[in-house]
Amino acid sequence: MADKNIKYENIDKSQFQFVQDEKKIFDKKFETKPIGYFKDAMMRFAKNKTNLTASIILLTLILLSVFVPIFSTKNAEKLEETLSYLPPRIPYLEDIGIADGTKMRYDQPVDPSTIDPETGLGLPYSTLPKYIDMSTLENYYGGCTGKDAQCVGGQNEIMKDNNKTGAIIRSNTWLSFSKIYSSKIVIDVYNISDEANSKLLVQVGPIAGQYVTIGEITAPGVYTFDPYLDNPTLPASGKIQLRYETEDINLRASLNSVSIVSETEDASEADQLKYNYSVSGYELSQYQLVSEVILNDEEEIIASYSGTYVRANGLRLMSSFRVDAYAEVFGDKFQLAFPASEYDKLMAEYADVCIQMEDPDNPDGWLFPEGCPIVKVNFENESVFVPGKGDQFSYNLVLNYQIYAGYEEIPYFFFGTSAAGKDMVKLIFIGLRTSLLIGLLVAVINITIGVIYGAISGYYGGQIDIIMERFAEIIGRIPWLVTLSIFIALIGPGIETLIYVMVVSGWIGVASVTRTQFYRYKGREYVLASRTLGAKDARLIFRHILPNGIGTIITSSILMVPALIFTEATLSYLGFGIGHGQSFSILGINMSGVSIGVLLSDGRNQLRQNPHLTLFPAIVISILMITFNMFGNALRDAFNPALRGSE
Amino acid sequence: MTRYIIIRTIWIFIIISIILTLNFTLLKLAPEYPPTEKNDRTIYYARQVSDGYMTERVEKNPLIYNAMFNNELVRPRNAEWVDEDDQYRVFEPISVARQYFTWVENIVTDWNWGYSTRVQANVPVFDVLKSRMGVTLRLNLIALFFYIPIGFALGILAALKKNSVTDNVISLGVMIFISIPSFVMMTLLLMLFGYTLDWLPTQFPSADLTGSIQFTGLILPVLGLSFGSIAGLTRLTRAELTEVLTSEFLLLARTKGLTRTQSVIRHAMRNSMVPLVPSVIGSFVSLLSGSVIIELIYGIPGTGRVYIRAMTRNSYDYNLILGTTAFYTIIGLFAVLLVDLSYGIVDPRIRMGARK
């Protein structure tokens, strides 16, 4: 400061000159262009680089949502089941291992015959080995409840049906007992309780058509019973029957194993096998449920038995591996019964390539050269007679799906395909378009209602204002769960409910902003002047006050659009909004019932198997919400710099 | 002050009763879905009669019986005709207005919120909810106590280092987390930590499992619930604190000779807390309603899940819907009341609605 003072201390008078000399400049035009309100706002808007970037991304998304559905040649309308759940595949990225069209498969049952003795790994039934990435193959035991030989270990649980006395299971094979070798029946019970008079009766028979009880079990443990103790006349072969009785339908008896143990150390090998027997896990699950009704002398039902018999805690050898899904889908496919009519059609269509050749390994079949949709025919099936259609011929053959479906090269699905084999890129942008349009439409409705309501409330003030404010507060305080349940019960899920739910309380924010603007402007001099000139209320509201406040109202309501998209996505995700198979029309554009929320809802149960169904819609909606919010904030800051920072 | 509290309390009660009335009346206009099992249905209709929502009579007149049997008579909405060989047992609902007063009476005198029809047939609604409220409230309170310190800390950090790299990073994070819908966030978290990395359980652990899984099972839903709230609180704290930091009294405090730390902690923080305390109470409501969808995604057996089940298409359980929404409405509006009162208590400059 000191320097400057010294520097300019004594400036010579001749250094100064008048800017203008007796010239009147008030009529003169500016040499530079004036900066108007909008230009000023635009300059402020463009100054913030982050927000500008966000706005450009948002614009790109909107443009994509308009043009992708129009110009994309991929299928997003018709069901193409073969292509379902394809993982994303993107050119160039696939070379570095990202989005290369492979995906993990989990919990695929292993074929025990394929277990490699060196590695100890087995291959799954479901996928051909040539499509599996062997380095990712893993075997592990997973839970199972199936009644098949591959489901090992665990228990078997007996439960009774509602209003029944209990449930009965019985061995389905005839078993051998021997008095000489003093056979005993051994039951290993994993879990049972004596609550509600629960008990498990062990019975053998049939002795004269009846099963006789040889023991009763009310607590877990291993029990041994001698079938000959009370029944010296027991025949040498019979069945074991377990009768479970309880009064509580939620209780169950859980069995580990059932065995027959005989003292056969000195007997022949055949007798040892015959009189010693043990079943557990899978074999025990083969016992059969028996229904029984016991009548008394007056033919009244005194007890009836029926129930369910299920596997619990069984283990199955499973595998997880990475599979080349595109190669699998577009590669050779084995067809058990390929219709002859279809075969003839293909033969006619590909007459120049499909030249039948002899198969040296298989005299019943024949081969085709490369380029033909059919790789080879194994044999011709026996004809099947279909009533009304006559004999139907079919072939057992191998089909090349790529040529068959008419793909010149294996297609790229950038975001993968949906359950119906539709292209996810196209679906996402169709969904985005729907979401945006619903958001815009509802925003327009809300702004209209809000502006009218707020204008009346703010312009008239006084008692009207108080009542209207109270009403708005009540409406605004209704939780969305209440609004939703009312509309769902009265109308049912769908686009209408969606719009109503969003409109019911959506206008309140706009109304309060409008009201504030009206309080701000209604006392201004120009309003008073117009009123004294005889202007009516409507003119004052719509011609004088509203135009002054509308900028603020619009910029502050722009943030409503992302909020509405948010609500739409949430409701559709919960299944209360739009859904597949619906169609409706907004502003003359026909919509299918696909929105981002619907797509996310589709992927909800596929998070592990098909993460792409969720990942891409989630990313797109996240980017949309982030950029829309940033754009809205930037717009508001640009138009009302005073509001900056206060969110 | 007393007058203000009384007015606000009465007003909140008025709003609660209006909302519940609206909900009851409109739901009663929709077609009923009685229990599917025959026994349950018999009990249900008997109870409807004993609770005073329906009338029961026996139609013995053979002419009318035949007309009813041959569908020549139109069955009134929500009425039930039980064929008993040569007579019909007719259950007919009374008018919605009278049902409403019966309903209020049942609640006030017996605390009888009706019986569930589809979700758990003939179990009192309050019992269904009682067994699930615990999980929901526990989860939300944990989320509340998790997000408040983090939100405050980030907000204060951003405000103190305004316009620095830290502030910009925090602000960008706030923008991102406030924008992403909570269910999208929850799904992405579940996909990353649950399925891809396999660090956390992918389903809410059932109550009979013990050990660390009970703790690890809470991590994802709490994170999913609180990300948005953290972002909101950070933004608010930052905005409030920056405003206070530029005010004159803080300048005065500095000129008095206080260090920056002293002035921030003793003066700035205290003053910026004023609008924050109510907003934290208010945020509990948004947490609670946000948890409905989180409960669905993570399989949490809470009230939100029961609500969604009661809203199963064409199997609506109206009594349960009424009970659940009443639960959310009452908690929500009491939070609003608390916010209003706390404004009045925390900041004596604000005395809304009260005459000087």
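Predicted model, so just to flag it, every value in this text is computed and none were measured.

This brings us to the overall build of chain B. Within chain B, the secondary structure is distributed over twelve helices and three strands. Relative to the 2.2 N^0.38 estimate, which gives 21 Å for 356 residues, the radius of gyration of chain B is 27 Å and therefore markedly larger than a compact globule would have. Projected onto its principal axes, the C-alpha coordinates of chain B cover approximately 100 × 60 × 35 Å. For chain B, buried positions account for 36% of its 356 residues. In chain B, the proportion of contacts linking residues at least 24 apart, taken out of those at least 6 apart, comes to 71%.

A few words now on the overall build of chain A. Counting its regular elements, chain A contains 18 helices and 27 strands. For 647 residues, the compact-globule formula gives about 26 Å, and the C-alpha radius of gyration of chain A, at 40 Å, lies well above that figure. Here chain A holds 647 residues, and 35% of them are scored as buried. At a minimum sequence separation of 6, the contacts of chain A that also span at least 24 residues come to 71%.

A few words on the packing of helix H15 (residues 537-557) of chain A against helix H18 (residues 612-639) of chain A. Residues and elements named next belong to chain A. Closest axis-to-axis distance for the H15/H18 pair is 8 Å, and the angle between their directions is 160°. One way to sum up the angle between H15 and H18 is to call them roughly antiparallel. Considering the relative orientation of H15 and H18, their crossing is left-handed. Listed contacts from H18 to Gly-551, Thr-555 and Ser-556 of H15 are Leu-635, Arg-636 and Phe-639. Residues belonging to the contact of H15 with H18 are distributed by class as follows: two nonpolar, three polar and one charged.

The next thing to look at is helix H11 (residues 480-490) of chain A. Residues and elements named next belong to chain A. Counting buried residues along H11, nine of its eleven residues qualify, which places the element largely inside the surrounding structure. Turning to H11, its buried residues are Leu-481, Val-482, Thr-483, Leu-484, Ser-485, Ile-486, Phe-487, Ile-488 and Ala-489. Phi turns positive, to about 95°, at Gly-492, one or two residues after H11.

Residue and element names in this part refer to chain B. Mean pLDDT for chain B: 84, with 97% of residues reaching 70 or above. Counting interchain partners and residues more than four positions distant, the pLDDT-below-50 stretch residues 352-356 has seven contacts. On the interface metric, ipTM, the complex scores 0.87, and its pTM is 0.80.

Across its 15 residues, helix H7 (residues 182-196) of chain B extends 20 Å between first and last C-alpha, which sits within 8% of the 21 Å expected from 1.5 Å per residue. Helix geometry: H7(B) is bent most strongly at Leu190(B), by close to 25°. Those residues of H7(B) not exposed but buried are Ser182(B), Phe183(B), Val184(B), Met185(B), Met186(B), Thr187(B) and Leu190(B). For H7(B), the secondary structure elements touched by its buried residues are helix H16 (560-574), helix H17 (596-603) and H18 of chain A together with helix H8 (213-245) and helix H10 (260-298) of chain B.

Below, the discussion takes up the sheet that holds strand S25 (residues 394-400) of chain A. All names here are of chain A. The strand order S19-S25-S22-S21-S20 describes an open sheet built from five strands, whose pairing is antiparallel. Edge positions in the sheet fall to strand S19 (332-339) and strand S20 (357-358), since each of these pairs with one other strand and no more. In this structure, S19 lies alongside S25, joined through six bridges in antiparallel fashion. Its bridge partner lying in S25, Asp-332 is registered against Asn-400. Most of the contacts of helix H7 (residues 340-349) go to S19, to which it runs at about 120°, and overall it touches S19, strand S22 (374-380) and S25.

Right, let's talk about the environment of Ile158(A) for a bit. Residues and elements named next belong to chain A. Inspection of the secondary structure puts Ile-158 in strand S4 (residues 155-160). Classification of Ile-158 by C-beta neighbours within 10 Å gives buried; the count is 25. Distance from Ile-158 to Glu-245, taken between C-alpha atoms, is 9.8 Å for residues 87 residues apart in sequence. The residues touching Ile-158, leaving out its near neighbours within four places in the chain, are Ala-167, Ile-169, Tyr-244, Arg-252, Ala-253, Gly-307 and Tyr-309.

Residue and element names in this part refer to chain B. Spatial strand order, S1-S3-S2: three strands in an open sheet with antiparallel pairing. Strand pairing shows two members of the sheet lacking a second neighbour, strand S1 (54-59) and strand S2 (80-84), which therefore form its edges. When strand polarity is set aside, the average angle formed by the axes of neighbouring strands in this sheet is 15°. By the bridge criterion, five bridges tie S2 to strand S3 (residues 87-93) in an arrangement that is antiparallel. If you follow Glu-80 over to S3, its bridge partner there is Phe-91. Sheet strands touched by helix H2 (residues 38-51): S1, S2 and S3. Its angle to S1, the strand with the most contacts, is close to 115°.

Once that is clear, we can look at the environment of Tyr343(B). Examined against the element boundaries, Tyr343(B) turns out to sit in helix H12 (residues 318-346). Sequence separation between Tyr343(B) and Ser279(B) is 64 residues; the distance between their C-alpha atoms is 9.6 Å.

Taken together, the 34 residues of chain A in the interface contact 39 residues of chain B. Listing elements by their share of the side of chain A that touches chain B, those giving two or more residues are helix H10 (462-477), H11, H16 and H18 of chain A. Of the residues that constitute the side of chain A that touches chain B, the class distribution is 24 nonpolar, seven polar and three charged.

Our next topic: unusual backbone geometry. The phi dihedral of Tyr92(A) is positive, around 70°, even though this residue is not glycine. Within the secondary structure, Tyr92(A) sits in the loop between helix H3 (49-71) and strand S1 (102-109).

Attention now moves to the packing of H11(A) against helix H1 (residues 2-28) of chain B. For the pair H11(A) and H1(B), interaxial distance at closest approach is 9 Å and the crossing angle is 15°. Relative to H1(B), the element H11(A) lies roughly parallel. The hand of the H11(A)/H1(B) crossing is left-handed. Together, Val482(A), Ser485(A), Ile486(A), Ala489(A) and Leu490(A) of H11(A) and Ile19(B), Asn23(B), Leu26(B) and Leu27(B) of H1(B) make up the contact between the two elements. Classifying every residue of the contact of H11(A) with H1(B) by side-chain character gives seven nonpolar, two polar and no charged.

The pairing of S1(B) with S3(B) spans six bridges and is classified as antiparallel. The partner of Arg57(B) across the bridge, within S3(B), is Val90(B).

A word on the nonpolar core. With 156 residues, the main nonpolar core has Ile428(A), Leu564(A), Ile621(A), Ile297(B) and Ile321(B) as its most contacted residues. Among the elements that take part in this core, helix H9 (residues 424-460) of chain A stands out by supplying 16 residues, more than any other. With residues up to four places along the chain from it excluded, the contact list for Leu564(A) reads Gly439(A), Val442(A), Ala443(A), Met502(A) and Gly506(A).

Here we take up the pairing of strand S11 (residues 237-245) of chain A. A regular strand places its side chains so that they alternate between the two faces of the sheet. Residue and element names in this part refer to chain A. The buried fraction of S11 is high, at seven of nine residues. Relative to S11, strand S5 (residues 166-170) is paired through five bridges, and the arrangement is antiparallel. Looking across to S11, one finds that Arg-170 is bridged to Gln-241. For strand S6 (residues 175-176) and S11, the ladder comprises two bridges, and the chain directions are antiparallel. The residue of S11 that forms the bridge with Ser-176 is Ser-237. Strand direction decides the pairing type here: strand S8 (residues 199-207) and S11, joined by seven bridges, are antiparallel. Note that in S11 the partner of Gly-205 across the bridge is Lys-239.

About the criteria used
Residues numbered from 1 in each chain as written. Chains lettered and ligands numbered in written order. Predicted model: local features only at pLDDT ≥ 70, side-chain atom pairs only at ≥ 80, totals over all residues. Helix = DSSP H or I, 4+ residues; strand = E, 2+ residues; numbered from the N terminus. Rg over C-alpha atoms; globule rule 2.2 N^0.38 Å. Buried ≥ 20, exposed ≤ 12 C-beta atoms within 10 Å, placed from the backbone. Contact = placed C-beta atoms within 7 Å. Axes fitted to C-alpha atoms, helices over the stretch in contact; angles between N-to-C directions. Parallel < 35°, antiparallel > 145°, perpendicular 65-115°, else oblique. Left-handed = near helix turned anticlockwise from the far one by under 90°. Nonpolar A, V, L, I, M, F, W, Y, C, P; charged D, E, K, R; others polar. pLDDT = per-residue confidence, 0-100. Expected span 1.5 Å × (residues − 1). Bend = angle between axes of the 7 residues up to and from the residue. Pairing = 2+ DSSP bridges. Core = buried A, V, L, I, M, F, W, Y, C linked by C-beta atoms within 7 Å.

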